[in-house]
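Working through the structure, step by step
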Amino acid sequence: MNHSITESLNHSISSSLWGDAWRQLRRNRIAVASFWIIVVYLAMALYGEGVFWYFHWKDMTPPYQQTNLREEYLSPSVFRHPFAVSSVDDPGAVGSPAVDHRGQPAAKSVVARFRTGLRTLAHHPLGTDNLGRDVFQRTVQGARIAFQVGIITSCIAIPIGVILGCLAGYFGGKTDDFIVWLYSTFSSIPDLLFIMAIAMVVGKGLQGVYLGIGLTTWVNLCRLIRGEVMKHKTRPYVQVAHALGLGPFRIMFRHILPNVFHIVIITFSLRFPAAISTEVFMSFLGIGLTTWVNLCRLIRGEVMKHKTRPYVQAAHALGLGPFRIMFRHILPNVFHIVIITFSLRFPAAISTEVFMSFLGIGVQGEPSWGIMISNARLRLWQGVWWEMTFVTAAIFFIVLAFNLLGDALRDALDPRLRTSER
Amino acid sequence: MSLLEINNLHVRFSAGHGHEVRAVNGVSLAVERGESVGLVGESGCGKSTLGNAILRLVRVQAGAIWFEDKNVLTLTHRDLFHYRRRSQMIFQDPYGSLNPRLSVGAAIEECLAVHRLGDRAERKRRVRDLLQTVGLDPDYAARYPHEFSGGQRQRVGIARALALNPVFVVADEPVSALDVSVQAQILNLMKDLQQARGLAYLFVAHDLAVVRYMCDRILVMYAGAIVEAAEVDALFACPAHPYTQALLSAVPDVEKELRARAAGARREIVEGEVPTVTSAVAGCSFHPRCPYARDLCRTQLPDEREVGPGHTSRCHFRSNHANIEVSHAPEEIINT
Amino acid sequence: MLRYIIRRIFQMIPTVFGVIVITFILFNIVGGSPAAMTLGKNVSPKALEEFDEQRGFNKPLLLGRWSATRAYENTTFERNAGPWRQVEGVTYTAPQRREPGHITLAPGKDYALPLAFKLKPQVTYQWVLKYRLLSGTAAFKTVHSYQPDDVTGAKPALAAAGGFERQIRLLTTNSAWQTVKIPFNAGAVPATLKLTVHTEGGALEICALKLRRQNANWFDTQFVFYLSQIARLDFGKSNFTNQRVSQMLKDGIGPSLCLTAPIFFVELVVAVSIALLCAFFRNTLVDRLIVVIAVMLMSVNYLVWIIFGQYMLGYRWGWFPLWGFESWTFLLLPVLIGVVSGLGGNVRFYRTIMLDEMYRDYVRTAFAKGVSRPGVLFKHVLKNAMIPILTNVVIVIPFLYTGSLLLEVFFGIPGLGNMYINAINYSDVDVIRAIVLIGSILYVIANLMTDLCYALFDPRVKIG
Amino acid sequence: MVMENYLLDVDQLSVFFRTRTEPVRAVSGASFSVAPGETVALVGESGCGKSVTALALTRLVAEPGYVAGGSIRFAGRDVLAMNPERLRQMRGAEIAYIFQEPATSLNPVFRVGWQIAEALNLHRAGIAAREEVVSLLNRVGLPDPERRLSAYPHELSGGMQQRVMIAIALACRPRLLVADEPTTALDVTIQAQILDLLVRLQGELGMAMLLITHNLGLVAGVARRVNVMYAGRIVERGAVEKILGQSAHPYTRGLMAAVPRLSGGKTRMVGIPGAVPNPARLPSGCPFHPRCPKAQPLCRQQDPIETIITEDHQVRCHFWK
């Protein structure tokens, strides 16, 4: 309503899509908060990634995999009365390093008690699971897998969706017919069934999950982009570009695409929680990560092999630092594995996996949120609530943040899309 | 030879379900160098399609378009490129015709770059010149379209059209989206540019008053065909076609209204709806609405007839039916 | 209207075909033969072949005359002599720079070609052989213990000492690697058939050997087999439960619908009502509160709803039975969880639709006419909003048939969802394929229904 | 001015729009009046607040807009003080609206006849709806009304849709018809038909009309009194002859000069420099001063108040002389 006034308000304050969206988002406190939550999770994921790689190169069991049967079923630290006096007296209780074992009993001053209390708080802050593994660390690792899934599936879906959508929308005719047929076919297959079937066929690995989610999400994006491109094709500025004699690809990618690109971003942010949930779902069912096959394992095996080679020894002898050796010397020598893996990914990965687990280097499944839920589920019935609670809270907050940010982005960038996404 | 000559042009679109829209239906016209020709009609009469067809932005089914002695419709890719340098277009919607993701400088420069004119520095200089020519601060080149008002955007659109130094410009409703107080600025700018550069305009509009101000000659279009063509003064003084008369009568013009009000007169109103071009009408396309229609009109398509020097009309009845007098051509009514 | 429906049904055909192609690609091409996956590793090639035979996996994919058979796996001799290891007189040469890996058959001997199992009767096979013969000859022969009746048509006579022997191809000296195809017929009683090579005067070197089976015709392929299966509505047999898949589907769909249909209807009514409430109180505290709650609800993972719901309501408080499918009370908890878990998203979606309508011009007209607020909402807005809502509802219907995967697993409801997950875990390809395919076809049909709904309820949509 | 004679009397009306930062003033201190049976025009360019003013008359301004001050009296009653039910009864029955876009202003999923009948049922219960609807459609010149009753809006052309809108508006014989750009979306020849219809019906039914338009030609044709709006203010008002003939405000004069004339020759037109200001960022003082040829330092500092030139001519300018 009140067209003229709202329109003129819109025109002057907010005709620049990005500029206005940015302004609007910055003012939206919920969106900003969501953004920071996502940043925190991203940091967690990056940290998890770092930890993961570090311990794999060091060839050590990462802390989130360390089992400690003495500390199984440890409840979260705040529930362990960290500041209670008794914890200082009894070194065996709750398994915390509450006492500095130097022979003499710890000083009972308030400061010391406070210090030890703090240390206890920091020790397994969210408790441990049945094998005494730290719930906090595992949750962080779960974030890593979740982000991997979100990002990799987007990397699969976005190029397919964007390119096909552009081509269909722009060229129309037979091209359009074909692409519409393609995506309506894909969208006809119920998502979850399709993802699971793909995952099963491809080999129940993380790749299956990536591929499954990636291959089903491009459809929606493609449809949206196609519609937008068709709309923009008739816009005057495209006519102008025609009149200037620009070629179709230049018009398509330089003129139209920037104008519809916000859809990609909106779709991405709206799809992210869906991808995470799907991954959680699938790893819960044991389809995702049970046979954990990953590139880094291969690399790790190779690096371990190369570590003992003379050229690395020589590098050591020259006094080169570990990073330089790792990246300048070893990595170029194992990098071909990356390429080979990507081309021969599935058979090679599977066979190497078999080989490596035969040799006993295999690690148990990485802690994804879904696996954690799956493990924690039965323990919940025994009253071990914390593992379940913290994992679900972790999922809740990231999904909530993405939902809210996605909403805000959509409102800021393209309110029309509201009804097209469920 | 004229700068632009169009012979019996037909443009048809498929409207699905086997229907066809005859947007342009056998149009012939000519535009001389430095001349500005107005093309007037209501929505859906095919005037914008005609403008687009001249620049080969839509597919033409039949006919010929001659520009500087070359048939535009058979140009090779290379020649078409050259043609686009000679003839350009100004678009109606100043909000939509500029790509919101390109700075105005980049938008103008892109034309030069695509046509490989000058090096980077030279192009930049030329962009500044152009902006100055259309009355904008050259430093605005780095700004994005949303930072401009409607009038300023239309100036940018004009600068872009002029970037390649065309001799012929199709202006498709260049001021209809602008506020009244801004229209005059743009019209004046276009007039000045025409004089300074010897441009020829095909000025597509629905507003007769604007066309009268801008043009030397006027073509009135109805249902895909040109029903009347005349010098601007002749047309306004003695419109020959009933449709033109109705149009003139319908325009709410301040002075005319005030005069009519003082005299207590009522306006002429043509009944009926603007035809959709899908429904092919036998005979004269205007006959269902024409107050003077007779049997002949319902069966036979009228030819173009000369009603005065340089004044043609597509009506069986040469004279004028209303109270406006005809100064030339003896009355000659064909009865059937 | 009828013409419109018929036209739309014709338009469905490419999509259905596409779905068939995709499932085919997924399960037959990407997945390959599931025989080894399902039967395990230590199964005889004969059993595998029978498995494939039953499911048509031993045919060419799309088009072709010849297909491989497990009687003799393709050998290229890159690492070792393969099945020739056991054959006497055969020496293996590992690949060198120019030379491919190959086996050498010393001259002057008969060699039986190592087959994993007997061939099929009356079927034409062919050897595809890449060989080199520096000197001498090599003869490929079939040896029957009975006289093959396909030659004379007579009853088989008594076996001769070496059996009836027939030379099918004589290879002559050839110093470069060369590929030949040697066709032969397995005869009526292939159980007694022996395939031999006799080398004479020089060693036969073989660097690649394949056995191909001839199919009935060019179109006797996996794809055609698959299509005909679909046409016969025969979805094969589960190799886990050994039941016919169509029977399993029939058994499973009832429990699934028992679970999903109530969820669907309750959810629809509740969500639309709440959305209307939002639209009525738009921009007030009530509206905002509902939106906040809806977003929170939809951010809670589905698993969490189920696990905590089952734990708290079923186990701790004991309000509902925990597990099983015996009476309607067993459905209460899963339905409740199903409704709650989907409520947030649906309320938000319907609210968006309603509010979009609230800002239309016709609403202003209605208000200007003097229509009251409830009047505008329940008459003008609701009828317009029903169009997108209805189409959205119709499109969900096909998903009802699979049931809710997780709810069924958790609450032990023997529906299709449960079945599907079991099938995934046991790599039960036929079941998976059938469920995916039927789901997709139902979806296509639902799409058609959506269009029909549009045509029926939206006067702006033209039919014809 | 004698208050009691006016059907509608608007005094110092202000309408604000909430934005994320601070409220934007869409209409500020607009005062005008409409006498029974009279045609009054509200003229202005896009974004000047004329449509918002029209909607504010029956408090139809939707969120985020709200009436912030002033008074609206209709037939002696204070509209701003009415309870919602009373307001609802007034809408349609006493003040009816026609909007600019007939295509979107009609409800797409209801038949035309139903939409007209609804208005009838709301305010004139107990009459034979069908006959009344047919006679209304006849009256607005819709050909073949019996058949059109069961048509959906999209099956009608723009001109016919606008006729249906008029039928809805006239269903309850309102005393004031607010026509918000009733012809802008239509073609020139159709415009003339609709305008003619409006004027004729107005005469027949003896209702007052508030015509909101940007087209001075329309104003000259039908209005008796004119209010010129600029940037949310009524800068000049008075009898049509005064405003169009002897305009005092530089904006009105500029507007008159900028309108191309049918009878005008090729003499150079003079436009108003600059562009219509954005309501969110109005210039200080008189909002017209950046574009005004007569602007003085005073104009930049002080928003002028309304000056009475004659009984039927008021202007809001420091230097109207």
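The rules behind each value
- Residues numbered from 1 in each chain as written.
- Chains lettered and ligands numbered in written order.
- Predicted model: local features only at pLDDT ≥ 70, side-chain atom pairs only at ≥ 80, totals over all residues.
- Heavy atoms only, no water.
- Core = buried A, V, L, I, M, F, W, Y, C linked by side-chain atoms within 4.5 Å.
- Buried < 20%, exposed > 50% of the residue type's maximum accessible area, 1.4 Å probe, protein only.
- Contact = heavy atoms within 4.5 Å.
- Buried area = accessible area lost by both parts, 1.4 Å probe.
- Salt bridge = Lys/Arg side-chain N within 4 Å of Asp/Glu carboxyl O.
- Helix = DSSP H or I, 4+ residues; strand = E, 2+ residues; numbered from the N terminus.
- Expected span 1.5 Å × (residues − 1).
- Arc of directions from axis to C-beta.
- Pairing = 2+ DSSP bridges.
- Polar contact = N/O pair within 3.5 Å; in protein donor to acceptor, adjacent residues only side chain to side chain.
- pLDDT = per-residue confidence, 0-100.
- Patch = residues over 30% accessible without salt bridge, like charges linked within 9 Å, V, L, I, M, F, W, Y side chains within 5 Å.
- Areas by Shrake-Rupley, 256 points an atom, 1.4 Å probe, with all protein chains shown as cover.
- Lys, Arg positive; Asp, Glu negative; His and termini not counted.
- Charge placed at Lys NZ, Arg CZ, Asp CG, Glu CD.

Here's the deal with the nonpolar core
Residues Phe168 and Phe203 of chain B are the most contacted members of the largest nonpolar core, which totals 153 residues. With 110 residues, the next largest nonpolar core counts Ala30, Ala171, Ala179 and Leu197 of chain D among its residues.

A few points about the interface of chain D and chain B
Taken together, the 50 residues of chain D in the interface contact 48 residues of chain B. Counting the surface lost from both chain D and chain B, the interface buries some 3800 Å², and carbon and sulfur atoms represent 55% of this. When the buried surface of chain D facing chain B is broken down by residue, Thr189, Leu262 and Lys266 of chain D rank first, second and third, together holding 20% of it. Applying the counting criterion to the chain D and chain B interface returns 2 salt bridges. A salt bridge links Arg268 of chain D to Asp192 of chain B; the shortest N-O distance between them is 3.0 Å. Taken together, the elements giving at least two residues each to the side of chain D that touches chain B come down to helix H7 (158-170), helix H8 (188-205), helix H9 (216-222), helix H10 (240-245) and helix H11 (250-258) of chain D. If one sorts the elements of the side of chain D that touches chain B by residue count, H8 of chain D sits on top with 8 residues.

Side note on helix H5 (residues 129-139) of chain D
Residue and element names in this part refer to chain D. Of the positions making up H5, those classed as buried are Glu132, Val133, Val134, Leu136 and Leu137. On its buried face, H5 sits against helix H4 (112-123), helix H6 (145-148) and H7. Backbone geometry just after H5 places Gly141 at a positive phi near 75°.

A short note on the pattern of salt bridges
If the charged atoms of two oppositely charged side chains come close together, the side chains can form a pair. Within this structure, the stated rule accounts for 37 salt bridges over all chains. For the salt bridge of Arg232 of chain C with Asp234 of chain C, the shortest nitrogen-to-oxygen distance reads 3.4 Å. For Asp234 of chain C, a relative accessible area of 19% corresponds to the buried category. Via salt bridges that share partners, Arg77, Arg86, Glu94 and Arg175 of chain D belong to a single interconnected network.

Quick notes on the side chain of Glu357 of chain C
Along the chain, Glu357 of chain C turns up in helix H9 (residues 329-358). Beyond its immediate sequence surroundings of up to four residues, Glu357 of chain C is in contact with Tyr362, Val363, Val381, Asn384 and Ala385 of chain C.

Some remarks on unusual backbone geometry
Leave glycine aside and you will find that most residues have negative phi; peptide bonds, for their part, are mostly trans. For Glu173 of chain B, which is not a glycine, the phi torsion comes out positive at approximately 45°. Assessed through its relative accessible area of 8%, Glu173 of chain B is described here as buried. Here the phi dihedral of Ala231 of chain D falls at roughly 50°; this positive angle occurs in a residue that is not glycine.

Digging into helix H5 (residues 110-122) of chain A
All names here are of chain A. The terminal C-alpha atoms of H5 lie 18 Å apart, and with 13 residues this matches the ideal 18 Å at 1.5 Å per residue to within 8%. Within the span of H5, buried status applies to Ala112, Thr116, Gly117 and Thr120. Viewed along the axis of H5, the buried residues span an arc of 135°, placing them on a single side of the element. Pointing more than 90 degrees away from the buried face of H5 are the exposed residues Val110, Val111, Arg115 and Ala122. The first or second residue beyond H5 is His124, which carries a positive phi of 45°.

Quick notes on the pairing of strand S1 (residues 8-17) of chain D
All names here are of chain D. Within S1, 8 of the 10 residues are buried, which leaves the element mostly enclosed by the surrounding structure. Bridge analysis of S1 against strand S4 (residues 65-74) gives 8 bridges, and the strand direction is antiparallel. Each bridged residue has a counterpart across the sheet, and for Val15 the counterpart in S4 is Val67.

Remarks on the side chain of Glu205 of chain C
Residue and element names in this part refer to chain C. Mapped onto the elements, Glu205 comes out in strand S10 (residues 204-214). Overall, the relative accessible area of 9% leaves Glu205 in the buried class. Only 3.4 Å separates the side chain of Glu205 from the side chain of His102, close enough to count as a polar contact. Those residues within four positions of Glu205 in sequence are excluded, and the remaining contacts are His102, Ile103, Thr104, Lys130, Tyr131, Arg132, Leu134 and Trp177.

Regarding the confidence of the model for chain A
For chain A, mean pLDDT is 64; residues scoring 70 or higher make up 58% of the total. Contacts of residues 1-15 of chain A to residues separated by more than four positions or lying in other chains number 42 contacts, the stretch itself having pLDDT below 50.

Structural notes on a positive patch on the surface
On the surface, Arg23, Arg26 and Arg27 of chain A together with Arg281 of chain D cluster together into a positively charged patch. Among the structural elements, Arg281 of chain D can be located in the loop between H11 and helix H12 (297-301). Given the relative accessible area of 55%, Arg281 of chain D is considered exposed.

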